[in-house]
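Understanding the architecture of this molecule
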Amino acid sequence: MTVTSILPEGRTKYAVVIDGERVFTLYRGELSRYRIREGEELSEEAFAEIMQTLLPKRAKLRCMNLLKSRSYTRRQLTEKLRAGKYPEAVIEEALAYVESYGYVDDAAYARSYVEDQIEKKGLRRIEEELLRKGVDRALIEEAVSLVQEKDGAQDEASLIRALLEKKRFNAAEADLSERRRIQAFLFRKGFSAEGIRRAMDGGCYDDI
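Computed from a predicted model, the values in this text were never measured in an experiment.

A cluster of nonpolar residues, Tyr97, Tyr101 and Tyr103, forms a patch on the protein surface that exposes about 330 Å² of accessible area. Residue placement: Tyr97 occurs in helix H4 (residues 88–100). Residue classification places Tyr97 among the partly exposed residues on the basis of a relative accessible area of 31%.

Shown next as structure tokens:
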């Protein structure tokens, strides 16, 4: 295999292109260690060590360092590693490693997220946010079911009441512009159309 080109990425990293295809990114010292030079052959032994030892170890450490500060979903970690220009095979190996120790568990992540957010947002908003984080819809539905089974169903009416009180919204006195603004606000929070309609009608909030 021939090193077609070595392209600088930032101050210390270089993308190595082999046989016309970008393969991996290394530091300057590693280029010297593996004797990687443009126009020259890269040995099978050096290529194997880079792909099977050097980069997987680095990717695993990257995952572990990220997970020290907070939890991540599988997709979020994948995106972080892709941003670091790791090869897909190396990314999969690193993810399998952290998953094997339970450091990444989308089902547990979903349950924790639902528990933390269910008293703040509507279920639709929570689901949308978890989907954007890469959690499978089935895992989200399971998490919502488990949390509500344990702690009771979300009291949407009470949550909306608290938000409207905080906004000092008075359904009887609000003009069309104010009603539309509050309606959009509640919709962004993920509350159901029925819950929002009742809020706008003042059906549940006689004292607001």
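Attention shifts here to the packing of helix H2 (residues 44–69) against helix H3 (residues 74–83). For the pair H2 and H3, the least separation of the axes is 11 Å and the interaxial angle reads 125°. The pairing of H2 with H3 is recorded here as oblique in orientation. Of the two elements, H2 crosses H3, and the hand of that crossing is right-handed. Taking contact as the criterion, the partners of Ala59, Arg62, Cys63, Leu66 and Leu67 in H2 are, on H3, Leu77, Lys80 and Leu81. Looking at the contact of H2 with H3, its residues break down into 6 nonpolar, no polar and 2 charged.

A few words on the confidence of the model for the chain. Mean pLDDT for the chain: 87, with 91% of residues reaching 70 or above. Between residues 203–208, whose pLDDT stays under 50, and residues either more than four places distant or in other chains, the model counts 16 contacts.

A word on the nonpolar core. In terms of nonpolar packing, the biggest core is built from 30 residues, with Val16, Phe24, Leu26, Ile36, Ile50 and Leu77 touching the most fellow members. Counting only elements with at least two residues in this core, the list comes to strand E1 (3–9), strand E2 (13–18), strand E3 (21–27), H2, H3 and H4. Here this core takes 9 residues from H2, the largest share from any one element. Apart from the residues lying within four places of it in its own chain, the contact partners of Ile36 are Val3, Ile6, Val16, Phe24, Leu26, Leu31, Leu42 and Ile50. Residues Tyr109, Ala110, Leu130 and Val147 belong to the second largest nonpolar core, which totals 12 residues.

Okay, the sheet that holds E2 next. Ordered in space as E1-E2-E3, the 3 strands form an open sheet in which the pairing is antiparallel. Pairing within the sheet leaves two strands with one partner each, and these edge strands are E1 and E3. With direction set aside, neighbouring strand axes in the sheet form an average angle of 25°. Direction of pairing for E1 relative to E2: antiparallel, over a ladder of 6 bridges. Pairing of Leu7 across the sheet is with Ala15, part of E2.

What follows deals with H2. The end-to-end C-alpha distance of H2, which contains 26 residues, comes to 38 Å, matching closely the 38 Å that a straight helix rising 1.5 Å per residue would cover. The largest bend in H2 is about 35°, located at Ile50. Regarding H2, the residues found buried are Ala46, Ile50, Met51, Leu54, Leu55, Pro56, Arg58, Ala59, Cys63, Leu66 and Leu67. Close packing links the buried residues of H2 with E3, helix H1 (28–33), H3 and H4.

Criteria and thresholds
Counting of residues starts from 1 at the beginning of each chain's written sequence and follows it residue by residue. Confidence filtering applies because this is a predicted model: local features only for residues at pLDDT of at least 70, side-chain atom pairs given and counted only at 80 or more, and all residues used for totals across whole chains, interfaces and linings. Side-chain descriptors were evaluated using all non-hydrogen atoms of the structure, hydrogens and water having been removed beforehand. Patches here: salt-bridge-free residues with over 30% relative accessible area, like charges joined within 9 Å, nonpolar side chains (Val, Leu, Ile, Met, Phe, Trp, Tyr) joined within 5 Å. Areas reported as accessible are Shrake-Rupley estimates using a 1.4 Å probe. Residue values count occlusion only from the protein chains shown. Salt bridges are defined as contacts in which a side-chain nitrogen from Lys or Arg sits within 4 Å of a carboxyl oxygen from Asp or Glu. Each helix is a run of DSSP H or I of at least 4 residues and each strand a run of E of at least 2, with the numbering of both proceeding from the N terminus. Think of it in three bands: with a 1.4 Å probe and only protein chains considered, a residue is buried below 20% of the maximum accessible area for its type, exposed above 50%, and partly exposed in between. To obtain each axis, a line is fitted to C-alpha atoms, and for helices this fit is confined to the stretch in contact; angles are then taken between N-to-C directions over 0 to 180 degrees. Roughly parallel here means an angle under 35 degrees, roughly antiparallel means over 145, roughly perpendicular means 65 to 115, and every remaining angle is called oblique. Throughout, a crossing is termed right-handed when the near helix is turned clockwise from the far one, and left-handed when it is turned anticlockwise from it by less than a right angle. By the convention used here, residues are in contact when the closest approach between their heavy atoms is within 4.5 Å. Three classes are used: nonpolar for Ala, Val, Leu, Ile, Met, Phe, Trp, Tyr, Cys and Pro, charged for Asp, Glu, Lys and Arg, and polar for all others, with Gly counted as polar. Every residue is assigned a pLDDT by the predictor, reflecting its confidence on a scale from 0 to 100. Each nonpolar core is a collection of buried residues, namely Ala, Val, Leu, Ile, Met, Phe, Trp, Tyr and Cys, held together in the definition by side-chain atoms within 4.5 Å. Each pair of strands is called paired provided DSSP finds at least two bridges between the two strands. A helix is expected to reach a length of 1.5 Å times the quantity of its residues less one. Note that the bend at a residue is defined as the angle between axes fitted to the seven residues ending at it and the seven residues starting at it.

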